[in-house]
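Each chain, written out:
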Amino acid sequence: MQPKIEIVDIEILRAQLDKHQVRYFRFQSPFCWIHALLRAGAEKINDIDRYGIKLHRDYIQLSLVEFLHKIEDEFYQKSTDWFNDSIEEIEPIEFVIQK
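Residues numbered from 1 in each chain as written. Predicted model: local features only at pLDDT ≥ 70, side-chain atom pairs only at ≥ 80, totals over all residues. Heavy atoms only, no water.

A.B. asks: Explain a nonpolar patch on the surface here, please?
C.D. replies: Judged by side-chain polarity, Trp82, Phe83 and Ile87 come together as a nonpolar surface patch covering roughly 370 Å² of accessible area. Along the polypeptide, Ile87 turns up in helix α3 (residues 64–89). (Patch = residues over 30% accessible without salt bridge, like charges linked within 9 Å, V, L, I, M, F, W, Y side chains within 5 Å. Areas by Shrake-Rupley, 256 points an atom, 1.4 Å probe, with all protein chains shown as cover. Salt bridge = Lys/Arg side-chain N within 4 Å of Asp/Glu carboxyl O. Helix = DSSP H or I, 4+ residues; strand = E, 2+ residues; numbered from the N terminus.)

Have a look at this one:
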């Protein structure tokens, strides 16, 4: 997400998360907080600037819902690629059943 969105004011972001009771973990990256915010209400946010964040110019034409779908599709693809790469490294195990 980091190349796609900029945190302008982290305190505003945190205040808005608290105000709207969006669950987030303070020990995580603020970009995880933004993901939680978008999942909780991308369709309800009219002015993203009020949340202390802004989309980079390559993504500004997208609605927040479209942006959320785009990043979730990318997350899914990356996790699928990682899984497939991991599976390829595992050697098959042969089971022998003795009677």
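Now that the structure is up, let's keep going.
A.B. asks: It is not clear to me how the packing of helix α1 (residues 10–19) against helix α2 (residues 30–41) should be interpreted in this structure. Could you clarify?
C.D. replies: Here α1 crosses α2 at 40 degrees, and the two axes come no closer than 11 Å. Considering their axes alone, α1 and α2 lie oblique with respect to each other. Every pair of crossing elements has a handedness; the one defined by α1 and α2 is left-handed. Contact residues: α1 offers Ile10, Leu13, Arg14 and Leu17, while α2 offers Pro30, Trp33, Ile34 and Leu37. Partitioning the contact of α1 with α2 into residue classes produces 7 nonpolar, no polar and 1 charged. (Axes fitted to C-alpha atoms, helices over the stretch in contact; angles between N-to-C directions. Parallel < 35°, antiparallel > 145°, perpendicular 65-115°, else oblique. Left-handed = near helix turned anticlockwise from the far one by under 90°. Contact = heavy atoms within 4.5 Å. Nonpolar A, V, L, I, M, F, W, Y, C, P; charged D, E, K, R; others polar.)

A.B. asks: How should I be thinking about α2 in this particular structure?
C.D. replies: Residue pairs three or four apart in sequence face the same way in an α-helix, which turns once every 3.6 residues. Between the first and last C-alpha of α2 there are 17 Å, a value that for 12 residues agrees with the 16 Å anticipated at 1.5 Å per step. Of the positions making up α2, those classed as buried are Pro30, Phe31, Trp33, Ile34, His35, Leu37, Leu38 and Gly41. (Expected span 1.5 Å × (residues − 1). Buried < 20%, exposed > 50% of the residue type's maximum accessible area, 1.4 Å probe, protein only.)

A.B. asks: Teacher, can you tell me more about the environment of Trp33 here?
C.D. replies: Positionally, Trp33 belongs in helix α2. Once the C-alpha coordinates of Trp33 and Leu13 are considered, the two residues, 20 residues apart in sequence, prove to be 8.4 Å apart. In this structure Trp33 touches Ile10, Leu13, Arg14, Leu17, Tyr24, Phe25, Arg26 and Gln28, once residues within four positions along its chain are discounted.

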